[in-house]
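# Structural characterization, general
Here's the letter readout for the chains.
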Amino acid sequence: MAKIFCVANQKGGVGKTTTTVNLAAGLAKVGQRVLMVDLDPQGNATMGSGVDKRQLQYTLYDVLLESATIAEARVKSEKLIEGGCSYDILGANRELAGAEVELVDVERREKRLKEALAQVDAEYDFVLIDCPPSLSMLTLNGLCSAHGVIVPMQCEYFALEGLTDLVNTIKQVHANLNPDLEIIGLLRVMFDPRVTLQAQVSDQLKAHFGDKVFDAVIPRNVRLAEAPSYGLPGVVFDPASKGAQAFISFAEEMVARIQKMKRA
Ligand code: ADP
Ligand code: MG
């Protein structure tokens, strides 16, 4: 059975997509079967995995509107296969923004992704969902499908404020729509230990959230920022870089976590 995780944070530009594609590649590298779902109409996770969002025959949009199954819509990326870290991709492009409107009158509209994922569940160890920076019907579909939420965050003052909204939303979804849902963990990203404020916020996070803060810390690393322009996750683009190494550690930590979840 696949473990399904949303990578979510209501803020834009905090590292959701970078986390999704690099965790997907890192998990593939350590032998896990992974499906990455791009739930953002910007399609950055699709492009960042080496798939041209404009060339897709089917996307997540077709899956949500039930005009294609995931088995029909998912694709592989040549670049990832060559890089030895291949995962399946359910891509997205601007069309996905329309799904919001088209699903308005549909029954169980927030469960569409969950139902589609159930059909491919046995084929994967992990499903990773890259969420858009909003609490739209799209994000709700992600949260309804998932066992847990991974929250990437920068260790800056306002990051803690943004977290309150996200935690409340997750509580509501947990109470009303998906009793399985929990925050799996907070991932510190773009971290620079030389910045005193970041070290302080990191300590506050650990004091406040304890075990919910992942051990892995993703440093600010220019190779991670360069990789998307080559259509590659940093883990594939420059495996020796500090950023890539940190994501491999994170992938190993996630594998250990799901083994614990399965025993519990
Ligand atoms: P989101 O999906 O939350 O909008 P992105 O993952 O697209 O955020 O990241 C926003 C920007 O920050 C991108 O340009 C990305 O390349 C860059 N970035 C993300 N993580 C890092 C990092 N650890 N080091 C350096 N740049 C990063
Ligand atoms: Mg993004």
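Let us look at the structure shown here.

### Description of the packing of aromatic side chains
- Counted under the stated rule, the structure contains three aromatic pairs.
- Consider the rings of Phe 5 and Phe 126, whose centres lie 6.0 Å apart with planes at 35°: the pair is tilted. With Phe 5 in strand S1 (residues 3-7) and Phe 126 in strand S4 (residues 126-130), this residue pair connects regions lying 121 residues apart in the sequence.
- The class for Phe 5 is buried, based on a relative accessible area of 0%.
- You can call Phe 126 buried: its relative accessible area is 0%.
- A ring pair is formed by Tyr 230 and Phe 237, whose centres lie 4.6 Å apart and whose planes are at 25°; its orientation type is stacked.
- A residue is classified by how much of its surface remains accessible, and Tyr 230, at 48% relative accessible area, is partly exposed.

### Description of the sheet that holds strand S3 (residues 88-90)
- Pairing is parallel in the open sheet, where seven strands are placed in the order S3-S2-S4-S1-S5-S6-S7. Among the strands making up the open sheet, the edge pair consists of S3 and strand S7 (213-219). Going from strand to strand, the sheet's axes swing by 25° on average, the running direction of each strand aside.
- The pairing of strand S2 (residues 34-38) with S4 spans five bridges and is parallel. Bridged to Met 36 within S4 is Leu 128.
- Strands strand S5 (148-153) and strand S6 (182-191) of the sheet are contacted by helix H9 (residues 157-176), whose axis makes an angle of about 170° with S5.
- In this fold helix H10 (residues 196-209) packs onto S5, S6 and S7, with an angle of close to 170° to the strand it touches most, S6.

### A closer look at the pattern of salt bridges
- Following the criterion strictly, the structure yields twelve salt bridges and no others.
- A salt bridge links Asp 52 to Arg 54, with the nearest nitrogen and oxygen atoms 3.0 Å apart.
- The exposure class assigned to Asp 52 is partly exposed, which follows from its relative accessible area of 28%.
- A salt bridge links Asp 88 to Lys 76, with the nearest nitrogen and oxygen atoms 2.6 Å apart. Residue Asp 88 is located in strand S3, and its partner Lys 76 is located in the loop between helix H4 (70-73) and helix H5 (78-83); the two are separated by twelve residues in the primary sequence.
- We classify Asp 88 as buried; its relative accessible area is 10%.
- The structure contains a network of salt bridges with shared partners spanning Arg 223, Glu 226 and Asp 238.

### A few points about the pairing of S2
- Within S2, five of the five residues are buried, which leaves the element mostly enclosed by the surrounding structure.
- Summarising the sheet, S2 and S3 pair through three bridges and their orientation is parallel. When the sheet's bridge partners are listed, Leu 35 is paired in S3 with Asp 88.

Calculation criteria
Residues numbered from 1 in each chain as written. Chains lettered and ligands numbered in written order. Predicted model: local features only at pLDDT ≥ 70, side-chain atom pairs only at ≥ 80, totals over all residues. Heavy atoms only, no water. Phe/Tyr/Trp six-rings, centres within 6.5 Å; stacked < 30°, edge-to-face > 60°. Helix = DSSP H or I, 4+ residues; strand = E, 2+ residues; numbered from the N terminus. Buried < 20%, exposed > 50% of the residue type's maximum accessible area, 1.4 Å probe, protein only. Pairing = 2+ DSSP bridges. Axes fitted to C-alpha atoms, helices over the stretch in contact; angles between N-to-C directions. Contact = heavy atoms within 4.5 Å. Salt bridge = Lys/Arg side-chain N within 4 Å of Asp/Glu carboxyl O.

This is a description of form; function is not addressed.
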